[in-house]
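Letter by letter, the chains look like this.
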Amino acid sequence: MAEAEKVSAHSAQRHLSPGSLPAQRHLSPAFSRAEAPVPGLSPRSEAPVPGAQSQTRPGAEPGLNQSQDQRTRTRTKTRSSRTRTRTRTMWLMVLLCSVAPLTAAPMSKHHSGAGRMWHITDLHLDPTFHLDPDPAHVCSSSKGAAALAPGPFGDYLCDAPYRLLLSALDTLGRMVKEDDFVIWTGDSPPHVPPAELSTDLVIQILANLTLTIQDKLPKVQVFPAVGNHDYWPQDQMPDSPNDIYSAAARLWSPWLQEGALQTFVKGGFYSQLLRPGLRIVSLNTILYYGPNAATLNSSDPAGQFQWLQGTLEGAERNQEQVYVIAHVPVGFLPFVRNTTAMRREHNERLSAMFVRFSHVIKGQFYGHTHRDSLMVLRDQSGPVAVLPEPDRSQLQQRAQWRLEYVLTEAFALKDLSPASLLSLASDLLPPSSKAFLTYFNHFNVEFNPRLSCEGRCKVDQVCAVLNVAQSGYERCLGLQGHG
Ligand SMILES: [Zn+2]
Ligand SMILES: [Zn+2]
């Protein structure tokens, strides 16, 4: 196919489309211990919106599979002025970019207006978080481990307290303008064993965060997508109507139109015009997620592939541009060898469809990995798409959010077009690549700038950036002597 230019990012959370998206900004909140702690903050007292509260118990088992959590590119992160710890599971990503002129695709008969896109993902609210004399009882999501330095805004070993999310959304609410829009790519419940949640609790958490977002961003269009934790039991999202799809459809009805709600209640996916000429396609990639036994033997669960094909053909006919949003990303996980986030056959089918419609899809945005990363989708002739991802946030006594980085500035890119991002990806490979050190530090959301990634680690990273489909990925490993 022609050398369309489009980019898609993967793993963690969202794929940004290439085009000439202006610089993206990352915001990080900072928590300073200088501020007086808030005594006895309990989850019950802090949630203003009726919602999730699990009574619980410590001692859960490991829930978060690090290899399955990722994030995106613009986000908010908190840190302490003293201890710069991070919450392991609170991935609050806010991606900001403009949706104005996209150069990658042919000029549409419509023209995208101004406005910016913000990306929120993987909020992972832990309603059990509270300050407790026994550090092992601070939150269910620590699964019995002793919290390290809990404060009202969280702890490194806990998922996000409501207060932290409220602070982030409050800050976001002051920054967002009416022309902007928000994508919200899923995973609202905490990382706790299934026995500690239920369908009702998952719905309560979805309700809590939905109502909070509607309260803090009252005039802004939000496009949600479902995550693997947005179901009970987690990951087991079915390809048919169920209580959670129905509840989410009711909660999200202020944002979604009738046609979108109709497909959502059946399969958890939808498409809707953001404005003339720019369509959001929200996929339910949990249907393709390896641990989902409910769709194990289905080649096209909920008929989503067929629907996507028809939707993209319609967009092509109408000369619309499309942003794809979803939770579990297409492509290979950058931190583990030869492992796709979704099932291999579904990954191949989806990648092929993205290449086929690369002139229509302007960007893709995913959650799930809790890290910032990019993916460049290439066809036979060159780059066609790029996918970035989101990140996480943190704790302590006080929340101050700061801009973490701007992608174009961090890598001296003139824009975020597929060609620019492919050029960046090529710069990552050489030994002692400064660009790779910067990329890896942002990938880890600046968790520890001294973390190194050489040899096999680096090959895995770079091959995952450059290849979304199997054949190219394997070729990349082979070229680097790791095949
Ligand atoms: Zn997550
Ligand atoms: Zn996830």
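Model, not experiment: these values are computed from the prediction.

### Let's talk about unusual backbone geometry
For the bond running from Trp232 to Pro233, omega is -5°, close enough to zero to count as cis. With respect to the element layout, Pro233 can be found in the loop between strand S6 (221–224) and helix H4 (243–252). Unusually for a residue other than glycine, Ala412 sits at a positive phi of about 50°. Position of Ala412 relative to the elements: it lies in the loop between helix H8 (407–410) and helix H9 (418–427).

### Looking at the nonpolar core
Counting 111 residues, the largest nonpolar core has Leu165, Val202, Ile325, Val376, Ala425 and Val465 as its most contacted members. Of all hydrophobic cores here, the second largest spans seven residues; its members include Phe129, Val138, Cys139 and Cys158.

### A look at the pairing of strand S9 (residues 321–326)
In terms of burial, S9 is largely enclosed, as six of its six residues are buried. Where burial is concerned, the two faces of S9 agree: the one with Gln321, Tyr323 and Ile325 and the one with Val322, Val324 and Ala326 are both buried. Alignment of strand S8 (residues 278–282) against S9, held across five bridges, turns out to be parallel. The partner of Ile280 across the bridge, within S9, is Tyr323.

### Section: H4
For H4, the full list of buried residues reads Ile244, Tyr245, Ala248, Ala249, Leu251 and Trp252. Each buried residue of H4 lies within a common arc of 165° when the element is viewed along its axis, so the set occupies one face. Buried-residue contacts for H4 involve helix H3 (199–216), S6 and helix H5 (258–267).

### Quick word on the packing of helix H11 (residues 455–466) against helix H12 (residues 470–479)
Between H11 and H12, the shortest axis-to-axis distance is 9 Å and the interhelical angle comes to 145°. As for the relative orientation of H11 and H12, their crossing is right-handed in sense. Facing H11, whose interface residues are Val459, Cys463 and Leu466, H12 presents Tyr473, Cys476 and Leu477. Split into classes, the residues belonging to the contact of H11 with H12 amount to six nonpolar, no polar and no charged.

### Here we look at H3
Spacing of three or four residues puts side chains on the same side of an α-helix, whose turn is 3.6 residues. Taking 1.5 Å per residue, 18 residues should reach 26 Å; H3 reaches 26 Å between its end C-alpha atoms and fits that length. Restricting attention to buried positions, one finds in H3 the residues Leu201, Val202, Ile203, Gln204, Ile205, Leu206, Asn208, Leu209, Thr210, Thr212 and Ile213. Check the buried side of H3 and you find it contacts helix H2 (162–175), strand S5 (181–184), S6 and H4.

### Examining the sheet that holds strand S10 (residues 361–366)
Here four strands make up an open sheet; going across it, the order is S7-S8-S9-S10 and the pairing mixed. Strands with a single pairing partner mark the edges of an open sheet, and in this sheet they are strand S7 (270–275) and S10. Geometrically, the sheet is characterised by an average inter-axis angle of 20° between neighbouring strands, direction not taken into account.

### Looking at the confidence of the model for the protein
Across the protein, the average pLDDT comes to 78, with 72% of residues at 70 or higher. Low pLDDT, under 50, characterises residues 1–112; the predicted model gives this stretch 499 contacts beyond four residues in sequence or across chains.

Cut-offs used in this document
Residues numbered from 1 in each chain as written. Chains lettered and ligands numbered in written order. Predicted model: local features only at pLDDT ≥ 70, side-chain atom pairs only at ≥ 80, totals over all residues. Helix = DSSP H or I, 4+ residues; strand = E, 2+ residues; numbered from the N terminus. Core = buried A, V, L, I, M, F, W, Y, C linked by C-beta atoms within 7 Å. Buried ≥ 20, exposed ≤ 12 C-beta atoms within 10 Å, placed from the backbone. Pairing = 2+ DSSP bridges. Arc of directions from axis to C-beta. Contact = placed C-beta atoms within 7 Å. Axes fitted to C-alpha atoms, helices over the stretch in contact; angles between N-to-C directions. Left-handed = near helix turned anticlockwise from the far one by under 90°. Nonpolar A, V, L, I, M, F, W, Y, C, P; charged D, E, K, R; others polar. Expected span 1.5 Å × (residues − 1). pLDDT = per-residue confidence, 0-100.

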